[in-house]
Amino acid sequence: MTPAELKVLPSPQFWRRVSCCLYEQLVLLGVIALTFLLPNLGLGILFGVSLPSWLTFLYLYTVLGIYFIWYWTKSGQTLAMQTWRVRLIDQQGYTLKKRQAFWRYIYGSLWLIPCVLLQWAFHLEKWQIIEMLFAVALFFWPLTIYLDRRDPMQRQGLADRFAGTRLVELPKNLVKLT
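Residues numbered from 1 in each chain as written. Predicted model: local features only at pLDDT ≥ 70, side-chain atom pairs only at ≥ 80, totals over all residues. Heavy atoms only, no water.

(A) Representation of the pattern of salt bridges. With the rule as written, the count across this model stands at four salt bridges. Across the salt bridge formed by Glu169 and Arg16, the nearest N and O atoms sit 3.3 Å from each other. Of this pair, Glu169 sits in strand β2 (residues 165-169) while Arg16 sits in helix α2 (residues 14-47); the two residues are 153 residues apart in sequence, bridging distant segments of the chain. Linking Asp160 and Arg104 is a salt bridge whose minimum nitrogen-to-oxygen distance equals 2.6 Å. On the criterion of sequence distance, the pair formed by Asp160 in helix α8 (residues 158-163) and Arg104 in helix α5 (residues 98-108) is long-range, its members being 56 residues apart. A single burial state applies to Asp160 and to Arg104, both of which are buried. Connected via shared salt-bridge partners are Arg16, Arg85 and Glu169. (Salt bridge = Lys/Arg side-chain N within 4 Å of Asp/Glu carboxyl O. Helix = DSSP H or I, 4+ residues; strand = E, 2+ residues; numbered from the N terminus. Buried < 20%, exposed > 50% of the residue type's maximum accessible area, 1.4 Å probe, protein only.)

Laid out in structure tokens, this is it:
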């Protein structure tokens with residue numbers, strides 16, 4: 001599709017965003033297992049060393065940032081976005097440049113702030129933290145599309161508004177199985 005055609009496509013609605021996010025989390029389990037779990041298990045088993053939690057967070061954040069930025073600048077779609085026919089474009093309909101993808105990732109991470117505040121306020125532990133992270137990422141963060149008062153077919157979440165990007169829903173006839 002041309003940038004002009006992409007520019008006029010509607011935004012994905014709430015449940016498509018939630019479904020895409022859930023599928024993305026499943027894909028990310030594999031990414032994390034490969035890039036994080038295996039090396040850290042190796043460090044722990046071979047040398048009896050574990051990374052401090054702040055370094056673990058930075059490492060994971062960087063690995064996931066590389067994953068998202070690479071896909072967004074290559075095709076505008078992660079693996080989950082391809083499945084759900086969702087694409088990330090800039091305001092003119094083009095695939096993102098690295099700088100814009102970087103800022104989209106940073107703004108897309110803002111949902112972590114309420115999670116940290118909730119964890120601190122309620123002294124959540126172990127599985128409670130994971131449950132809260134999933135709830136915020138899956139349901140509350142996608143609800144930010146309703147803060148956008150534009151036409152319901154063009155609504156964007158906070159991350160896209162801040163980064164100057166758009167999520168669009170691709171038509172069914174563009175999906176080709178190979």
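There is more to say after this.
(B) Fine view of the layout of surface pockets. Taken as a whole, the largest pocket holds about 1,700 Å³ of empty space. The wall of the largest pocket is formed by 49 residues, among which Gln25, Leu28, Leu64, Trp111 and Ala137 lie closest to the centre. Those elements that provide at least two residues to the lining of the largest pocket are α2, α3 (53-74), β1 (86-90), α5, α6 (112-122), α7 (127-140) and α8. Counting residues per element, the lining of the largest pocket draws most heavily on α2, at eleven residues. (1 Å grid on protein atoms, 1.4 Å probe; cavity = no way out; pocket = protein on both sides within 12 Å on 5 of 7 lines; lining within 4 Å. Points joined across faces, edges and corners; volume = space filled by probe spheres on them.)

(C) The arrangement of the side chain of Gln77 in detail. Relative to the helices and strands, Gln77 resides in the loop between α3 and α4 (79-83). Classification of Gln77 as buried rests on a relative accessible area of 12%. Among the polar contacts made by the side chain of Gln77, one reaches the main-chain carbonyl oxygen of Val86 at a distance of 3.0 Å. (Polar contact = N/O pair within 3.5 Å; in protein donor to acceptor, adjacent residues only side chain to side chain.)

(D) Inspection of a nonpolar patch on the surface at higher detail. Taken together, the side chains of Leu37, Leu41, Leu43, Ile45, Leu46, Phe47 and Val49 present a nonpolar region at the surface, about 730 Å² in accessible area. Judged by its relative accessible area of 31%, Leu43 falls in the partly exposed class. (Patch = residues over 30% accessible without salt bridge, like charges linked within 9 Å, V, L, I, M, F, W, Y side chains within 5 Å. Areas by Shrake-Rupley, 256 points an atom, 1.4 Å probe, with all protein chains shown as cover.)

(E) Inspection of the packing of aromatic side chains at higher detail. The full count for this structure, using the stated rule, is 14 aromatic pairs. Measuring from centroid to centroid gives 6.3 Å for Trp15 and Phe139, while their planes differ by 70 degrees, and the two rings are edge-to-face. In this pair, Trp15 sits in helix α2 while Phe139 sits in helix α7, placing the two residues 124 residues apart along the sequence. Relative to Tyr107, the ring of Trp103 has its centre 5.7 Å away and its plane inclined at 35 degrees; by these criteria the two rings are tilted. A residue pair is termed a helical-turn pair when its members lie 3 or 4 positions apart in one helix, as Trp103 and Tyr107 do in helix α5 at four residues. The partly exposed category is assigned to Trp103, whose relative accessible area is 37%. Assessed through its relative accessible area of 24%, Tyr107 is described here as partly exposed. Members of the aromatic cluster, connected to one another through ring pairs, are Phe57, Tyr61, Tyr67, Phe68, Trp70, Tyr71, Trp72 and Tyr105. (Phe/Tyr/Trp six-rings, centres within 6.5 Å; stacked < 30°, edge-to-face > 60°.)

(F) Layout of the nonpolar core. If you look at the biggest cluster of nonpolar residues, it comprises 19 residues, and the most contacted ones within it are Tyr67, Trp72 and Met81. Breaking this core down by element, the ones donating at least two residues are α2, α3, α4, β1 and α5. If you tally residues by element for this core, the top one is α3, at seven residues. Non-local contacts of Met81, meaning those with residues more than four positions away in its chain, are made with Cys20, Glu24, Trp72, Gly76, Val86, Arg87, Leu88 and Leu167. (Core = buried A, V, L, I, M, F, W, Y, C linked by side-chain atoms within 4.5 Å. Contact = heavy atoms within 4.5 Å.)

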